[in-house]
Each structure stands twice: as structure tokens, then as C-alpha cells.
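Given next are the chains, with one letter for each unit.
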Amino acid sequence: MASRLSTGVDVLDRELGGGVPAGTVVAYETPPASQGELLLYELTRPRPTLYLTTDRTKQAVRDAFEETNAPTGNPEIGYIKGADAIENARRAVRSVPEETTVVVDTADALERADRTRYENFLNELSNHMRNVGGVAVLHCLDTDHAPELRGTTEHMVDAVFRLSVEEAGGEIESRLTVPKFRGGRALDTPVKLNLTERVQVDTSRDIA
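Residues numbered from 1 in each chain as written. Predicted model: local features only at pLDDT ≥ 70, side-chain atom pairs only at ≥ 80, totals over all residues. Heavy atoms only, no water.

Engineer: Tell me about helix α5 (residues 115-132), residues and numbers included.
Structural biologist: Between its first and last C-alpha atoms α5 spans 26 Å; for 18 residues at 1.5 Å apiece the expected length is 26 Å, and the two agree. For α5, the elements touching its buried residues are β3 (25-30), α4 (85-94), β6 (101-105), β7 (135-141) and α6 (150-156). With a side-chain oxygen positioned 3.1 Å from the backbone nitrogen of T116, the residue opening α5 is D114. A positive backbone phi angle near 65° is found at G133, which sits one or two residues after α5. (Helix = DSSP H or I, 4+ residues; strand = E, 2+ residues; numbered from the N terminus. Expected span 1.5 Å × (residues − 1). Contact = heavy atoms within 4.5 Å. Polar contact = N/O pair within 3.5 Å; in protein donor to acceptor, adjacent residues only side chain to side chain.)

Shown next as C-alpha cells:
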């Protein structure tokens, strides 16, 4: 079983010292009006992936994978119904095999559940990822109206990847920071990304 797992994005793997430790649970926070989903798509490339959608339909996610120019894998796609999102997510994750990537897109629906049930889910997810040597990514929308349990997510996960997007001089600047990384080294400077058709490093200007 691998000790570190590739994210599928070479530049991010280099910054993280070869990838993320097996068993890691990541909160990936992105603005809704961003190309942040490109990173989610590329995460499916290195390993078998279970991609759980809580808002878009399975067909919409399949269409997005077929239409993107980013390098991707061929994930299994599941839909998590909002009526009991926590229980449905638990059932879906329980059966994933070794060295699998699990993506929950988005985790916001789970963060609106009862606190105790959500904490139990995160603990079970973490235990299962460690047991199978996989990695889980919870896609969290960064808005002014984030769910009440967002802080619980950030506290309990192993790593936080945060994408920020700014418009400067008529250009869009996307920067990825990693303020929290158990089992690794938090990044002391942001990684500037070019998120157009795939995830690439933006080398056009140095980060101020």
C-alpha cells in the first residue's frame, strides 16, 4: 500500500513533497464562481475514484467529465440524496476498495446535518480512508453563507486546500494555499494556478 498518493496534479505533488499521505481527508474550499472543479476532475486520474455529487445529477457530472479538456480518470459517479445525505454518503463510502479516491462534491449538504451525526461521519470516513490507504476530498463552497458546520470540517480533516480568485488588471488570478496539512508541511506561500482548461502553474508573474 503506497505511503503517499499523487493528487494527479504534478505541481501540487511537488509542493506537497510527493502527494498526500495515504488515509488523508482533505477539505478543498473554492469560490462558487471559479474553475476550481478542474482540480476535482484531475484528482480522478491517478486511482480508481468514487465521485459523489450532492447537487448536480449523475448525468450532469458525466457530461462535465466528457466535455473537460483536463486529464481525468473514469470515476464511478454516485448521487447523494439530500433527504438523508449523511447516511447515503456513509453507505457509499463503506465499500470503496484499497487506494481509492473519494470526492464529495459538494460537502455543503452534509455540513447542514446534525453536528453529532456529521462528526461521526467524518470520523468513519477518516478511519475507512486509513484502513484502505485512500484519500477523500470534501469540496466545500467558500461563500458568505457557509454552512454552520464548516468550522467542524476544517477542524477534523487532515488538510485544508483553499482556492482564492481575484480579478486584477483585467486578469483572473487563482491562488491555492494549504494552511493545514497533518502528516505533511503546510505551504508557506500560495501556488499561483492557471485554471483555464486544466490545472497548470501560472508563471506569468511572481506572486507578490
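Engineer: Residues and numbers for the packing of aromatic side chains, please.
Structural biologist: Per the stated rule, a full pass over the model turns up two aromatic pairs. Centroid distance Y41 to F65: 4.7 Å. Interplanar angle 50°. Geometry classified as tilted. Placement of Y41 in helix α2 (residues 37-43) and of F65 in helix α3 (residues 58-67) is noted, with a sequence separation of 24 residues between them. For the pair shown, Y41 and F65 are each scored as buried. Note on Y51 and F65: the rings are 5.4 Å apart at their centroids and 90° apart in plane angle, and the pair reads as edge-to-face. On the criterion of sequence distance, the pair formed by Y51 in strand β4 (residues 49-53) and F65 in helix α3 is long-range, its members being 14 residues apart. Summarising the burial analysis for this pair, Y51 and F65 share the class buried. Aromatic ring contacts, followed pair by pair, group Y41, Y51 and F65 into a single cluster. (Phe/Tyr/Trp six-rings, centres within 6.5 Å; stacked < 30°, edge-to-face > 60°. Buried < 20%, exposed > 50% of the residue type's maximum accessible area, 1.4 Å probe, protein only.)

Engineer: Break down the environment of R130 for me, citing the residues and quoting the values.
Structural biologist: Relative to the elements of secondary structure, R130 occurs in helix α5. Classification of R130 as partly exposed rests on a relative accessible area of 47%. Counting along the chain gives 10 residues from R130 to N120, while the straight-line C-alpha distance between them is 15 Å. In terms of polar contacts, R130 uses its side chain to reach the side chain of S126, at 2.7 Å.

Engineer: Go over empty space enclosed by the protein with me, naming the residues and quoting the values.
Structural biologist: Going through the model one piece at a time under the given rule, you end up with two cavities of 30 Å³ or more. Of the voids in this model, the largest cavity is the one considered here, and its volume is about 90 Å³. Around the largest cavity sit S6, T7, V20, V26, Y28, L39, L43, R47, T101, V135, V137 and F161, which together line it. Of all the elements in the fold, those that place two or more residues in the lining of the largest cavity are β3, α2 and β7. Along the lines of polarity and charge, the residues of the lining of the largest cavity split into eight nonpolar, three polar and one charged. (1 Å grid on protein atoms, 1.4 Å probe; cavity = no way out; pocket = protein on both sides within 12 Å on 5 of 7 lines; lining within 4 Å. Points joined across faces, edges and corners; volume = space filled by probe spheres on them. Nonpolar A, V, L, I, M, F, W, Y, C, P; charged D, E, K, R; others polar.)

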